[in-house]
Amino acid sequence: MLEVRNLSVTFDNFVAVKNVSFKVNKGEIFGLLGANGAGKTTTIRVMCGLLIPSSGEVQIAETVFGKNNNTAELIKSRIGYMSQKFTLYDDLTIEENWKFLASLRKIKKDFYKKRCDYLNQWLSLGDKKNKLVSSLASGLKQQVALAAALFHDPDIIFLDEPTAGVSPFARMQFWNLIKTLAEQGKTIIVTTHYMDEAENCARLALMRAGEIIALDSPEHLKVQTFPNGICVVLEEKMPSSLKDEIQKYKNEKLLNAWPYGLYYHIVFHDQKIGNDLKSRYPCLQLHTDVADSNLISATLSATLEDVFIELVEGKAR
Ligand SMILES: Nc1ncnc2c1ncn2[C@@H]1O[C@H](COP(=O)(O)OP(=O)(O)OP(=O)(O)O)[C@@H](O)[C@H]1O
Ligand SMILES: [Mg+2]
């Protein structure tokens, strides 16, 4: 459905996106993860045809566009974009916002009415469509902004941090909407800083400093990032000598360690050191061993948060 080939974006001398390539399938929920400034929004802006890349190209269905081929206009009717910054007018009602947007997109009256009824029902808005956007809870505002991006019934939908600043319950509701869109065959490209949300993606591209450093399903990312598993230790059971040794090896990049709730998660880049520490400190256990002993395995197994910490911060590159 969508393919990005060798995409690079340079602002003056700063390289924001470096030689990025990936494909997204029809009906897939594809996530872009990365720390602030990793290049997610820049990549999305190129895919939407809003920014001409320094090199590389994007293919959406049969249309190819890039540095030397500015045909992005052709795909505008097929894509919907919910940008990172809130884009609705606070001092207009929901319906006035939608009407204004429809007029900008030159959407025909009949089609507008159909979509308005459909989206109104989809979001169970009822009479709320006459309310000022400024009066809405943040979760509903984001749903209305999503609907605005869907007015022309696009095939591919870009959602840039759609749930930032939204309550956990409203985030869950928003993700239910995203899943129904994918079930209808819409292709979704989404960025998020929430790892629990990232679990809903079929595949994830992890970006660091403009590059994709990993790309796979959430489950494969966990297994591939930690082929030898993760060690866990209850922080209160950690002798200070173990803390000192861990810090020393962490500085030498021979392991990575981070606090995780009441625990510390530790991944050994050097297995010899791992075996040595495990033999000397019985409180240090491989998470699978701990899970076997009937402790709460969910908090102890590797999570996407662990993958993110390890790949983005853990390795010397
Ligand atoms: N128009 C621009 N001119 C100069 N630098 C820019 C421009 N747009 C983005 N950048 C820089 O490019 C880098 C990538 O920015 P981008 O907005 O793509 O990151 P991001 O991954 O979306 O981050 P966040 O999670 O904070 O939204 C950043 O260092 C940013 O400051
Ligand atoms: Mg961004």
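This text gives an overview of the structure that appears in the document. Everything numeric here is computed off the predicted structure, so don't read it as measured data. (Residues numbered from 1 in each chain as written. Chains lettered and ligands numbered in written order. Predicted model: local features only at pLDDT ≥ 70, side-chain atom pairs only at ≥ 80, totals over all residues.)

## Here's the deal with the sheet that holds strand β12 (residues 255-260)
For clarity, the threshold we go by: Each pair of strands is called paired provided DSSP finds at least two bridges between the two strands. Runs of H or I in DSSP of at least four residues are treated as helices and runs of E of at least two as strands, each being numbered from the N terminus. We call two residues in contact when the distance between their C-beta atoms, placed using the backbone, is within 7 Å. Geometry is summarised by axes, namely lines fitted to C-alpha atoms with helices restricted to the contacting stretch, and by angles between N-to-C directions that run from 0 to 180 degrees.
Taken together, four strands build an open sheet; the order of strands is β12-β13-β11-β14 and the sheet is antiparallel. Among the strands making up the open sheet, the edge pair consists of β12 and β14 (285-286). Bridge count between strand β11 (residues 231-234) and β14: two bridges; the pairing is antiparallel. Counterpart to V232 in the pairing with β14 is Q285. Relative to the sheet, helix α8 (residues 240-251) contacts β12 and β13 (263-268), its axis offset from that of β12 by approximately 125 degrees.

## Topic: unusual backbone geometry
As a reminder, the rule being used: To sort residues by burial, count the other C-beta atoms lying within 10 Å of each one's C-beta; a count of 20 or more means buried, 12 or fewer means exposed, and anything in between means partly exposed. C-beta atoms are built from the backbone.
One non-glycine residue with positive phi stands out, namely E161, at about 45 degrees. Tracing the chain through its elements places E161 in the loop between β7 (156-160) and α5 (168-183). Exposure remark for E161: the 20 C-beta atoms within 10 Å place this residue in the buried category. One non-glycine residue, K253, adopts positive backbone phi at about 60 degrees. Tracing the backbone through its elements, the reader meets K253 in the loop between α8 and β12. K253 sits in the partly exposed class, given 13 other C-beta atoms within 10 Å.

## Regarding the sheet that holds strand β3 (residues 29-34)
Within a sheet, neighbouring strands are paired by backbone hydrogen bonds and run either parallel or antiparallel to one another. Across the sheet, which stays open at both edges, the six strands sit in the order β6-β7-β8-β3-β9-β10 with mixed pairing between neighbours. The sheet is open, and its two borders are formed by β6 (79-82) and β10 (211-216), each paired with just one other strand. Averaged over all pairs of adjacent strands, the angle between strand axes in this sheet comes to 15 degrees, irrespective of strand direction. Pairing of β3 with strand β9 (residues 203-208), which is carried by five bridges, proceeds in the parallel orientation. Counted as the bridge partner of L33 is L206 from β9. Packed onto the sheet, helix α4 (residues 138-150) meets β6 and β7 and runs at close to 155 degrees relative to β6. Strands β3, β7 and β8 (187-191) of the sheet are contacted by α5, whose axis makes an angle of about 150 degrees with β8.

## Some thoughts on the site of ligand 1
For clarity, the threshold we go by: Note on definitions: a residue is near a molecule or strand provided its C-beta atom, placed from the backbone, lies within 6 Å of it. Following the grouping adopted for this structure description, the nonpolar residues are Ala, Val, Leu, Ile, Met, Phe, Trp, Tyr, Cys and Pro, the charged ones are Asp, Glu, Lys and Arg, and the polar ones are all others, Gly among them.
In the vicinity of ligand 1, the residues found are F11, F14, A16, G34, N36, G37, A38, G39, K40, T41, T42 and Q84. At three residues, the largest contribution of residues to the shell around ligand 1 is made by helix α1 (residues 40-47). Grouping the amino acids of the shell around ligand 1 by side-chain chemistry returns four nonpolar, seven polar and one charged.

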